[in-house]
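# Structural overview for review
Letter by letter, the chains look like this.
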Amino acid sequence: MITLRGVNKHYGRLHVLQDIDLTVGRGEVVVVIGPSGSGKSTLCRTINRLEAVESGTITLSGQPLPAEGKALARLRSEVGMVFQSFNLFAHKTVLANVMLAPLKVRRKRKDEAERRARELLERVGLAAHADKYPAQLSGGQQQRVAIARALAMDPQALLFDEPTSALDPEMISEVLEVMRQLAEDGMTMVVVTHEMGFARSAAHRVVFMAEGRIVEDRTPEEFFTAPESDRAKDFLSKIL
Ligand code: ADP
Ligand code: MG
């Protein structure tokens, strides 16, 4: 579904992604963990080509990511992204937020976009909040709207970059529960998170990054019970 081969990127002198090889199969859930500054967000943004890479190849369903133009926009819309900050449009209702991209980018009919949006709001448990504005919702609810909005484009895969890091503790589980359900339904997902419970229970693979490299890429079982690298051991000893 998603492959990266020999991907490198610098920010000035900082080698932020170093020889990244990563394969995410269809229906696979890959959790990316690692210390702050290790390149996790940059990795997500390069998969979606919000950032260009200097060398290496990225393919989606076997197709290389085009550098720019309409072809890039189309492929990019195949990969949804959910950020730490939900970035909902404050002056639009929940329903309108979820309908926006299908209307503008996919040029869907309004009734069709609305039907799908309501279906997705139901799926994330927010059907009753369709006509509210983002500010009237809790952070956890807003993030679930952001997930519905990403799903509205019928993406082939979803990238999550620390989707629960900005939330109050009591709201984290409702968002993780929606993500867990998506995973069970077979969505292909790359999830950057510090939620080790989610990594253990929902991930097929855990990718541990440090200083721009993938240091470990293993099953959660293997990673949490017997991390190989000192970097991972050190990281786990600090957070578990
Ligand atoms: P993580 O998500 O793992 O915390 P990031 O991918 O955000 O790491 O950042 C990796 C490194 O790249 C950090 O040292 C960060 O300061 C640097 N960095 C990130 N974005 C930029 C940018 N746009 N320009 C320059 N440096 C950046
Ligand atoms: Mg980050």
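All values derive from a computational prediction rather than experimental measurement. (Residues numbered from 1 in each chain as written. Chains lettered and ligands numbered in written order. Predicted model: local features only at pLDDT ≥ 70, side-chain atom pairs only at ≥ 80, totals over all residues. Heavy atoms only, no water.)

Counted as a void, the largest pocket has a volume near 510 Å³. Forming the walls of the largest pocket are 18 residues, and the residues nearest its centre are Gly80, Met81, Ala101, Arg149 and Met153. Looking at the lining of the largest pocket, the elements with two or more residues in it are helix 2 (69–76), strand 6 (79–82), helix 3 (94–104) and helix 5 (139–151). (1 Å grid on protein atoms, 1.4 Å probe; cavity = no way out; pocket = protein on both sides within 12 Å on 5 of 7 lines; lining within 4 Å. Points joined across faces, edges and corners; volume = space filled by probe spheres on them. Helix = DSSP H or I, 4+ residues; strand = E, 2+ residues; numbered from the N terminus.)

With that settled, the discussion passes to the UniProt feature "domain: ABC transporter" (unreviewed entry) in the chain. In this numbering, the UniProt entry assigns the feature "domain: ABC transporter" (unreviewed entry) to residues 2–236. A helix fraction of 38% and a strand fraction of 26% characterise residues 2–236, whose end C-alpha atoms lie 27 Å from each other. (UniProt positions renumbered as here; feature names shortened; annotations may be inferred.)

On to the site of ligand 1, then. If you check the shell around ligand 1, you find Tyr11, Leu14, Val16, Pro35, Ser36, Gly37, Ser38, Gly39, Lys40, Ser41, Thr42 and Arg45 and nothing else. Between ligand 1 and glycine 37, the relevant distance is 2.7 Å, taken from an oxygen atom to a main-chain nitrogen or oxygen of the residue. At 3.0 Å from an oxygen atom of ligand 1 is found a main-chain nitrogen or oxygen belonging to glycine 39. About the coverage of ligand 1: the protein hides 60% of its 560 Å² of free accessible area. Counting only elements with at least two residues in the shell around ligand 1, the list comes to strand 2 (14–24) and helix 1 (40–47). Counting residues per element, the shell around ligand 1 draws most heavily on helix 1, which supplies four residues. The residue makeup of the shell around ligand 1, split by class, is four nonpolar, six polar and two charged. (Near = heavy atom within 4 Å. Polar contact = N/O pair within 3.5 Å; in protein donor to acceptor, adjacent residues only side chain to side chain. Areas by Shrake-Rupley, 256 points an atom, 1.4 Å probe, with all protein chains shown as cover. Nonpolar A, V, L, I, M, F, W, Y, C, P; charged D, E, K, R; others polar.)

Moving on: the pattern of salt bridges. Overall, the coordinates contain 18 salt bridges when judged by the stated rule. A salt bridge links arginine 144 to glutamate 174; the nearest nitrogen and oxygen atoms lie 3.0 Å apart. With arginine 144 in helix 5 and glutamate 174 in helix 6 (residues 169–184), the pair connects residues that are 30 residues apart, well separated along the chain. Exposure remark for arginine 144: the relative accessible area of 10% places this residue in the buried category. Put simply, arginine 218 and glutamate 216 hold a salt bridge, and the shortest N to O gap is 3.0 Å. For arginine 218, a relative accessible area of 15% translates into the label buried. With relative accessibility at 3%, the residue glutamate 216 sits in the buried group. (Salt bridge = Lys/Arg side-chain N within 4 Å of Asp/Glu carboxyl O. Buried < 20%, exposed > 50% of the residue type's maximum accessible area, 1.4 Å probe, protein only.)

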